[in-house]
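Summary of structural features
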Amino acid sequence: NMIGIFYSPFFIRKYNRLESELKEELLEKIDLFKDRKNHTSLKVHKLHGKFSSQFSFSTNYKFRIVFRYVSKNEVLFLDLGDHDIYK
């Protein structure tokens, strides 16, 4: 029961500006994310306040991906970056 992922244009633009090593690291984490069994190790968590309809997980010590569920098994990746994405 894998999770399907859609990517917002904003997410894609930010992704395309990253260095290639970081892109590779993100793709590995996204692959892990597709299987719910890995969500604990990725620290998937619900956000609060104005982001309360969204979730996030860390891709490394600095980067995170923000997403929301479109359906039970589909998500939309909205944003990526460091903690500044919550501003």
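This structure is a prediction, so every number in the text was calculated from the model and none was measured.

Notes on the overall build of the protein
Of the regular secondary structure elements, the protein holds two helices and five strands. Each helix (α) and strand (β) of the protein, taken in turn from the N terminus, gives the series β-α-α-β-β-β-β. On C-alpha atoms alone, the protein measures out to a radius of gyration of 12 Å, which is about the 12 Å that the 2.2 N^0.38 rule sets for 87 residues. Judged by the C-alpha coordinates and their principal axes, the protein covers about 30 × 30 × 25 Å. When the 87 residues of the protein are sorted by exposure, 38% land in the buried category. Long-range pairs, those at least 24 residues apart, make up 46% of the contacts in the protein between residues at least 6 apart in sequence. Here the protein displays about 5,600 Å² of accessible surface, and carbon together with sulfur accounts for 55% of that area.

Digging into the pattern of salt bridges
Side chains that differ in charge, positive against negative, can pair when their charged atoms come close. For the structure shown, the criterion picks out three salt bridges. Between Asp 31 and Lys 34 there is a salt bridge; the shortest N-O distance is 3.5 Å. Between Asp 35 and Lys 37 there is a salt bridge, with its nearest N and O atoms 3.9 Å apart. Given a relative accessible area of 22%, Asp 35 falls into the partly exposed group. For Lys 37, a relative accessible area of 72% corresponds to the exposed category.

Reading the values: rules and limits
Residues numbered from 1 in each chain as written. Predicted model: local features only at pLDDT ≥ 70, side-chain atom pairs only at ≥ 80, totals over all residues. Heavy atoms only, no water. Helix = DSSP H or I, 4+ residues; strand = E, 2+ residues; numbered from the N terminus. Rg over C-alpha atoms; globule rule 2.2 N^0.38 Å. Buried < 20%, exposed > 50% of the residue type's maximum accessible area, 1.4 Å probe, protein only. Contact = heavy atoms within 4.5 Å. Areas by Shrake-Rupley, 256 points an atom, 1.4 Å probe, with all protein chains shown as cover. Salt bridge = Lys/Arg side-chain N within 4 Å of Asp/Glu carboxyl O.

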